[in-house]
Amino acid sequence: MNSITVAIFDVDNEGVLAGPQNKSARVIHAILKAETNIETIIVTGKKLRQSRLDGVNVFMIPGGGVMLYQQWALGVRGRKIVRDFVRQGGGYFGICSGAFLATNARFGWLALVDVKLHDMKHQNRGGGLISVKLNADHAEEVFSSQWVLKDTLPMLYWQGPLMVDQTGGKLTESKRKAGFGIIKEVASFSSVIAPEDSENERIRFPEYFSDEHMSGHAACIQTTYGKGRVFVSSPHLELPAENRGMIPEIIRWTAQVETLCEAL
């Protein structure tokens with residue numbers, strides 16, 4: 001199998017994944033470095049604009065940051081480079097703030113995924129461990145049976161996007177020409193932290209961390225943009241540790257690894 005190169009975005013200028021905002025990135029970096037045939041590099045906004053992601057198969061923005069700061073760190077030119085990279089066949093993997101940034105819900109974001117975001121007014125709601133329900137029909141395209149057969153999984157939610165697919169599985173001609181693909185919901189939120197337990201979690205808006213506002217909304221989505229594949233996850237897939245095997249499988253899917261294998 002050909003090696004897959006993953007570029008992990010670092011919002012700091014040093015490009016060494018230092019600082020508390022890069023905790024998610026450090027965990028994912030360690031997971032991927034332990035994988036055979038996956039190479040990792042760390043890119044800052046400056047490095048990305050210089051290299052234009054040459055030789056990279058998947059560009060990843062982990063969670064733990066503030067999407068507006070990530071947007072600023074990428075810059076206008078950097079965001080265009082990422083969009084062009086994916087449109088031409090590269091992969092994109094975004095977690096939490098990286099999932100926010102992938103959508104077209106705000107001007108100046110990457111606009112790789114055409115979804116509506118629910119209740120952005122109370123987005124800073126906090127979080128904790130919740131249950132996520134897998135949609136086997138779409139999950140099996142990305143994950144091996146060890147995950148698909150589990151039906152539900154615990155995941156750490158921390159103020160990620162509550163995504164709503166408005167397309168109904170169809171694309172208008174204008175959306176298709178813009179590069180958007182069909183939205184496939186890989187997982188949805190199936191339960192939330194009970195109000196009586198919220199005092200033990202860092203919940204800022206308990207009334208908006210409820211079944212009404214969370215359950216049923218998309219937690220993980222897979223789609224395409226141009227010739228590239230996109231996977232976004234609202235919860236942190238790297239936590240708890242029992243889920244970490246999902247990360248390399250997502251990388252291989254977004255890298256279109258079967259296409260790489262065919263070249264051998």
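Preceding this section is the structure that the text describes.
Each value, and the rule that gives it
Residues numbered from 1 in each chain as written. Predicted model: local features only at pLDDT ≥ 70, side-chain atom pairs only at ≥ 80, totals over all residues. Heavy atoms only, no water. Helix = DSSP H or I, 4+ residues; strand = E, 2+ residues; numbered from the N terminus. Rg over C-alpha atoms; globule rule 2.2 N^0.38 Å. Buried < 20%, exposed > 50% of the residue type's maximum accessible area, 1.4 Å probe, protein only. Contact = heavy atoms within 4.5 Å. Areas by Shrake-Rupley, 256 points an atom, 1.4 Å probe, with all protein chains shown as cover. Lys, Arg positive; Asp, Glu negative; His and termini not counted. Charge placed at Lys NZ, Arg CZ, Asp CG, Glu CD. Polar contact = N/O pair within 3.5 Å; in protein donor to acceptor, adjacent residues only side chain to side chain. Axes fitted to C-alpha atoms, helices over the stretch in contact; angles between N-to-C directions. Parallel < 35°, antiparallel > 145°, perpendicular 65-115°, else oblique. Nonpolar A, V, L, I, M, F, W, Y, C, P; charged D, E, K, R; others polar. Salt bridge = Lys/Arg side-chain N within 4 Å of Asp/Glu carboxyl O. Arc of directions from axis to C-beta. Core = buried A, V, L, I, M, F, W, Y, C linked by side-chain atoms within 4.5 Å.

Would you mind going over the overall build of the chain with me for this structure?
Summing up its helical and strand segments, the chain has nine helices and twelve strands in all. For the chain, whose C-alpha radius of gyration is 17 Å, the value lies close to the compact-globule estimate of 18 Å for 264 residues. Dimensions of the chain, computed from C-alpha atoms along their principal axes, come out at roughly 55 × 40 × 40 Å. Burial status across the chain gives 53% buried among its 264 residues. Intrachain contacts of the chain at a sequence separation of at least 6 include 78% that bridge at least 24 residues. Summing over all exposed atoms, the chain offers an accessible surface of approximately 11,800 Å²; the carbon and sulfur share of this is 50%. Computed over 29 positive and 28 negative side-chain charges, the inter-centroid distance for the chain is 10 Å.

Explain the pairing of strand 4 (residues 91–95) here, please?
Moving residue by residue along a regular strand, the side chains alternate between the two faces of the sheet. Counting buried positions over the five residues of strand 4 gives five, a clear majority of the element. Of the two faces of strand 4, the one lined by Gly-91, Phe-93 and Ile-95 and the one lined by Tyr-92 and Gly-94 are each fully buried.

What am I meant to see in the side chain of Asp-114 here?
With respect to the secondary-structure elements, Asp-114 resides in the loop between helix 4 (97–102) and strand 5 (116–117). With relative accessibility at 13%, the residue Asp-114 sits in the buried group. At 3.0 Å, the side chain of Asp-114 and the side chain of Asn-104 are in polar contact. In terms of polar contacts, Asp-114 uses its side chain to reach the side chain of Lys-175, at 3.4 Å. Beyond its immediate sequence surroundings of up to four residues, Asp-114 is in contact with Asn-104, Thr-167, Lys-175, Phe-180 and Ile-183.

Just to check I follow, could you spell out the packing of helix 1 (residues 23–33) against helix 8 (residues 246–254) for this structure?
When two helices pack together, their arrangement is given by the angle between the helix axes and by the axis-to-axis distance. Running from N to C, helix 1 and helix 8 point in directions that differ by 75 degrees, and their axes come no closer than 9 Å. The angle between helix 1 and helix 8 places the two elements in the roughly perpendicular class. For the pair formed by helix 1 and helix 8, the contact residues are Ile-28, Ile-31 and Leu-32 on the first element and Ile-247, Pro-248 and Ile-251 on the second. Tallied by class, residues from the contact of helix 1 with helix 8 come to six nonpolar, no polar and no charged.

What am I meant to see in the side chain of Ser-188 here?
Relative to the assigned elements, Ser-188 resides in strand 9 (residues 184–191). Beyond its immediate chain neighbours, meaning those up to four positions away, Ser-188 contacts Ser-131, Val-132, Lys-133, Gly-216, His-217, Ala-218 and Ala-219.

What am I meant to see in the pattern of salt bridges here?
Close approach of charged atoms allows side chains with opposite charge to pair. Counted according to the given criterion, the structure contains six salt bridges. Here Asp-151 makes a salt bridge to Lys-133, at a shortest N to O gap of 2.9 Å. On the criterion of sequence distance, the pair formed by Asp-151 in the loop between helix 6 (145–148) and strand 7 (152–158) and Lys-133 in strand 6 (residues 126–134) is long-range, its members being 18 residues apart. For Glu-173, the salt bridge goes to Arg-176, with nearest N and O atoms at 2.3 Å. Of this pair, Glu-173 and Arg-176 both sit in helix 7 (residues 173–178), three residues apart, which is roughly one turn of the helix. Of the residues examined, Glu-173 reaches a relative accessible area of 44% and is grouped as partly exposed.

In this structure, what is going on with helix 1? I would like to understand it.
Structural remark: α-helix, 3.6 residues per turn; residues separated by three or four positions point the same way. Those residues of helix 1 that sit buried are Ser-24, Ala-25, Ile-28, His-29, Ile-31 and Leu-32. For helix 1, the angular spread of the buried residues around the axis is 160 degrees, confining them to a single face. Every exposed residue of helix 1 that faces more than 90 degrees away from the buried side is listed here: Lys-23 and Lys-33. Each element contacted by the buried residues of helix 1 is listed here: strand 1 (4–9), strand 2 (38–43), strand 3 (58–61), strand 4 and helix 8.

What is the right way to look at the nonpolar core in this model?
Soluble globular proteins tend to pack their nonpolar side chains together in the buried interior. Grouped together as the largest cluster of nonpolar side chains are 43 residues, with contacts concentrated most on Val-6, Phe-93, Phe-143, Phe-231 and Leu-237. Here this core gets five residues from one element, more than from any other, and that element is helix 8. If you look at the next biggest cluster of nonpolar residues, it comprises 35 residues, including Leu-48, Val-113, Ile-221 and Val-230.

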